[in-house]
Structure formats: structure tokens, C-alpha cells
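The residues making up each chain are set out below.
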Amino acid sequence: MNNPFLWPDTTTLQAGRLWIGGCDTTALAEEYGTPLYLFDETTLRATMRAYRKAFAAAYPAECRIHYASKAFLNTAVAQIAAQESLGLDVVSAAELLTAQRAGLAAEHVHVHGNAKTADELLRALEYGVGAIVIDNRDEIARLAALTASRSTVQAVLLRIAPNVTGDTHAHISTGATDAKFGLPLDTLDAAVEQVLAAPGLRLIGLHAHIGSQLFEPEDLAEAVAVLVAQAARIRARYGVVIGEISPGGGLGVPYTADTPPADLGRYARTLAATLVEQCRVHGLTPLPRLTIEPGRSIVARAGVALYRVVARKPGYYLHIDGGMADNIRPALYGARYTALLANRAADPAGPPIHVAGRYCESGDVLLRDAPLGHAEPGDLLAVATSGAYTLSMASNYNLTPRPAVLLLTNGVARLIQRRETEADLLARDLWL
Ligand SMILES: Cc1ncc(COP(=O)(O)O)c(C=O)c1O
């Protein structure tokens, strides 16, 4: 492929057709229908391993990689994460259930969210998760009440809003004091006191997540420095040892050829070096556990979306059979993608053309000015880097079923999530 940073590792062109994971994508579209999401197992596992290796090499103490499952989750993906010794971050009861079904050890599951319900908290307590990452003081009160009569003590991290913002789109920037997530620094002590007063809770760490699609590790390192400074202050004031520092996820991926890939090694080294140095400066020993929560950078490039061209508005648009209901990112914040025609990938590019989704919103345009070959109805469009924040944010707009998902490995395609049916869509409706 002309840009290996955008497509799965196993991508090849054979007789003008796109092959992934040893499978002919044109044949897969025939067999399973479209829209179809393809995940390359080789790329997924290699990325997970690269993360573990990079941080193990960079950080001299314990380090954990937790896949942020909001990027894309189903049982098979959770199983792969568990097999690759990754933990999982979950945000809802069903994400928690998926972790359980996939056999993840409870201690490797962290529960996130700014509005966790009492039911979700109870489910997390019953599963015995490794930690609940507390977002706000109301949550502490709720958790304190839920844990008061339990025999086990629940480990918690406090999520701070470090007032560090990375260079990314406002919709995915989360580190400012006025962002919706995390405790403003001037409320941290009150939160610590609240946790310390709850016999059912044990404060083990501090967390921050400043945003997504970040390319400068220095921004993330700044958050690490704030976390360590707060950990040192908490130890001095309350005598509590903060044993875990979690600077979240956020590493970016290229979606188009004009963006160079992020350097995972540099990211790991920058975060680890900052943590070691800041602990030295503040006299914090032993070194805390470092927990990293990548989502997008684990799963984005392993995923390719496959659509059928349905119709044309010559000179302006190709109309495809998917769009904003399976991938809201272009409509939500102008995300850009790279695509090719999977069944005629070697054709020379024609004049740039927009690719319109099938949904009843004029903002439903998946690609703008895409340099594709001449396309006819029936041709197949493959969109690269479609693994993250696509299906996990999918809807049933216009009452359309959500796509099927295949896992591709060495010439074998396994259905890991079936296509939704019309019956699924109507199953919740009740007659008057
Ligand atoms: C708390 C938390 N951790 C990790 C992530 C993963 O971020 P990314 O997919 O950019 O790596 C997110 C995403 O928004 C998040 O909210």
C-alpha cells in the first residue's frame, strides 16, 4: 500500500483488489453484505504488544496498559485484550459485562465515567474491579454510601482536571478546569478528605485524561507533572501514599497521508522520564505504578469500513450505503479519512469527489474531495483507519441496522458481531 500508516499491516493489492488479513475484501462484501467492518487481528495484536513493549522498556517500575474500550468493544476484542495482557477501561454496565464475558481479571478493569449511576457502581463493586476512577464529589458520596456496609474495601483513583490542554479538537479536549470531566484542583483536597472519611474506600491513585488525537507527548507529560505534584502534596498533607499515576490515553493516529504517525517509543519515553524525574524532584518513593489507557491508537488502524456505492450525483457525490450512523466523526467534528475503491484499487484517480452517506442529514458526508477512481453503482469503497470511535458511537438513525464485524486472520474471516436485523430494531417497540 502507498501509505502503510493508514491501512492494516497485512494490506495488499491483488489483481486490483484490496486484500486484508489474507482475505479478499470484495469477496467478503459479497458474502456478508455492506456496510461491513473488517478488523485485522495481526495489526490489533501487534499494536497491543508494541504498547506493552514500549512502556516496559521506558519505565523502570510497574506499568499497565488498559485498553480504553469506548474506542471499540465487543466480546472478541475484549478477549484479545485479555490474551495480550492488557487491562480494560469501561464506562457502562454493558462494557463491564463484556469484560466479564471475555474473562478479564477483575483487578485489570477500571471503571470510568462522569455520571456513573448507583446501579453501575454496584455492579463494579460486585465484580471487584481493580479501581473505580472517581470523577466528582457527588460520586464519592454515592460510593461511600454503597460501600459502607460491604466487607471489602474498594480501591479508587481520583480524576483531576489538571488544566492542561493538548492541541486537539475542542470536542475531544478534556483537561481544562472547565471541561466536564474531573475535579478542579482547588477541590481536590476536599475530595481526598471525603474518600479518607469513607471506610469502604481506599485512595490508591490519581488520574487525568487531557484529550484524544494528541501528537505531542510533551502535552501529556505536563499532565504527568501535575499528577505527581498533587500526589506529593497529598502525601505531605494527609500521609497517603499515591501508588498509581494514570495520565489517561490520547495518542493520535494519522487519518490522511499528510499526517505523520505518532512515535510510540518517544511517547512512552517522554511520559516515563517525566514521571521518574518528577518523583525524584518531589521525593516520592517508591515509583508509582504507571497506567496508560490508549483507545484510538490501539484499534483505529486495524479497522477498515467497507461500503457499497449505491448511486451518483455526477461531478459532486458518490452515495454509499452507510455513513453517519456507523461513523459520526466527519459530521460531528469534521474528521477526515482516506479511502479507495476496494474492487478496483489500482485504477487511476479521477477528479476529487465527495462521498455522501445515506442518511437524511446534509452533514452526512463521509469524505470530501476524495481522489478515487471512476466509480459506478455496485463498486466498493474501503475507508481506512475506521476502527476507533465509529461503531462504538453508532446509531440506528433512519432505522437502519448496525453493520456486521469480521475479524480477519491469515486468510480466515470470523464473524465477531452479526449485522443487526430489522427484527432487532423493532424488538423494543410495543403496540398501542
Ligand atoms: C478517561 C479516558 N481514558 C482513555 C481514553 C482513550 O483515549 P484515546 O482513544 O484517545 O486513546 C479516553 C477517551 O476519551 C478517556 O476518556
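Conventions used here
Residues numbered from 1 in each chain as written. Predicted model: local features only at pLDDT ≥ 70, side-chain atom pairs only at ≥ 80, totals over all residues. Heavy atoms only, no water. Domains from an automatic or database assignment. Contact = heavy atoms within 4.5 Å. Buried area = accessible area lost by both parts, 1.4 Å probe. Salt bridge = Lys/Arg side-chain N within 4 Å of Asp/Glu carboxyl O. Polar contact = N/O pair within 3.5 Å; in protein donor to acceptor, adjacent residues only side chain to side chain. Phe/Tyr/Trp six-rings, centres within 6.5 Å; stacked < 30°, edge-to-face > 60°. Helix = DSSP H or I, 4+ residues; strand = E, 2+ residues; numbered from the N terminus. Buried < 20%, exposed > 50% of the residue type's maximum accessible area, 1.4 Å probe, protein only. Near = heavy atom within 4 Å. Areas by Shrake-Rupley, 256 points an atom, 1.4 Å probe, with all protein chains shown as cover. Pairing = 2+ DSSP bridges. Expected span 1.5 Å × (residues − 1). Core = buried A, V, L, I, M, F, W, Y, C linked by side-chain atoms within 4.5 Å.

A look at the domain arrangement of the protein chain
It is common to give the size of an interface as the accessible area lost on bringing the parts into contact. One can read the domain layout of the protein chain as domain 1 (12-33 + 302-426) and domain 2 (42-298). For domain 1 versus domain 2, the separation of C-alpha centres amounts to 33 Å. Listed per partner, the contact involves 18 residues of domain 1 and 19 residues of domain 2. Taking both partners together, domain 1 and domain 2 bury about 1,700 Å²; carbon and sulfur atoms supply 59% of that area. When the area that domain 1 buries against domain 2 is broken down by residue, the three leading residues are Tyr333, Arg336 and Tyr389, summing to 32%. Scanning the region where domain 1 abuts domain 2 turns up 1 salt bridge. Between Asp258 and Arg336 there is a salt bridge; the shortest N-O distance is 3.2 Å. On inspection of domain 1 and its partner domain 2, the count reaches 5 residue pairs in polar contact (both at pLDDT 80 or more).

Some thoughts on the packing of aromatic side chains
Across all of its chains, the model carries 6 aromatic pairs by this definition. Summarising the aromatic geometry, the rings of Phe39 and Phe72 are spaced 4.4 Å apart at their centres and angled 0° between planes, so their arrangement reads as stacked. Here Phe72 lies in the loop between strand 5 (63-68) and helix 3 (75-83) and Phe39 lies in strand 4 (residues 36-40), a separation of 33 residues in the sequence. Pair check on accessibility: Phe39 and Phe72 agree, each one buried. Taking the centre distance of 5.2 Å and the plane angle of 85° together, the rings of Tyr255 and Tyr337 count as edge-to-face. A residue pair is termed long-range when its members are at least 10 positions apart, and Tyr255 in the loop between strand 12 (244-246) and helix 9 (264-282) and Tyr337 in the loop between helix 11 (329-333) and strand 16 (339-341) qualify at 82 residues.

Thoughts on the site of the ligand
Around the ligand sit 14 residues in total, of which Ser212, Glu293, Gly295, Arg296 and Tyr389 are the nearest. Contact distances for the ligand include 2.9 Å between an oxygen atom and a side-chain N or O atom of Lys70. At a separation of 2.7 Å, an oxygen atom of the ligand approaches a polar backbone atom of Arg296. Protein chains shield 92% of the accessible area of the ligand, which is 390 Å² for the free molecule.

Concerning the pattern of salt bridges
Between side chains of opposite charge, a pair can form as their charged atoms come close. Enumeration according to the criterion identifies 24 salt bridges in this entry. Here Glu62 and Arg289 are joined by a salt bridge, their closest N and O atoms 3.3 Å apart. In this pair, Glu62 sits in the loop between helix 2 (41-58) and strand 5 while Arg289 sits in strand 13 (residues 289-292), placing the two residues 227 residues apart along the sequence. Residue Arg344 is joined to Asp347 by a salt bridge in which the shortest nitrogen-to-oxygen separation is 3.6 Å. Asp347 sits in the partly exposed class, given a relative accessible area of 32%.

Let's talk about the sheet that holds strand 2 (residues 17-20)
Pairing is antiparallel across the open sheet formed by 3 strands, whose spatial order is 1-2-3. Each edge of the sheet is formed by a strand with only one pairing partner; in this case those strands are strand 1 (12-14) and strand 3 (23-24). Examined bridge by bridge, strand 2 and strand 3 share 2 bridges and lie antiparallel to one another. Bridge pairing links Ile20 to Cys23 in strand 3.

Examining helix 9
In this model, helix 9 (19 residues) spans 27 Å end to end at C-alpha, consistent with the 27 Å of a helix rising 1.5 Å per residue. Listing the buried residues of helix 9 in full gives Leu264, Gly265, Tyr267, Ala268, Thr270, Leu271, Ala272, Thr274, Leu275 and Cys279. For helix 9, the secondary structure elements touched by its buried residues are helix 2, helix 8 (217-238), strand 12 and strand 13. Structurally, the start of helix 9 carries an N-cap: the backbone nitrogen of Gly265 is 3.0 Å from a side-chain oxygen of Asp263. Once helix 9 finishes, Gly283 follows within two positions and takes phi at roughly 65°, a positive value.

Description of the pairing of strand 21 (residues 412-417)
With 5 bridges joining them, strand 20 (residues 404-409) and strand 21 adopt antiparallel strand pairing. Counted as the bridge partner of Leu406 is Leu415 from strand 21. The hairpin formed by strand 20 and strand 21 contains 2 residues between the paired strands, and Asn410 there has a positive phi angle of roughly 45°.

Thoughts on the nonpolar core
By size, the foremost hydrophobic cluster in this structure holds 105 residues, and its most contacted members are Ile132, Leu158 and Leu381. Here this core gets 9 residues from one element, more than from any other, and that element is helix 8. When residues are assigned to domains, this core turns out to be shared by domain 1 (12-33 + 302-426) and domain 2 (42-298), each giving three or more. With sequence-adjacent residues up to four places away left out, Leu381 is seen in contact with Ala305, Leu306, Tyr307, Ile320, Ala339, Leu340, Leu341, Val355, Leu367 and Leu372. Of all hydrophobic cores here, the second largest spans 20 residues; its members include Leu6, Trp7, Cys23 and Ala29.

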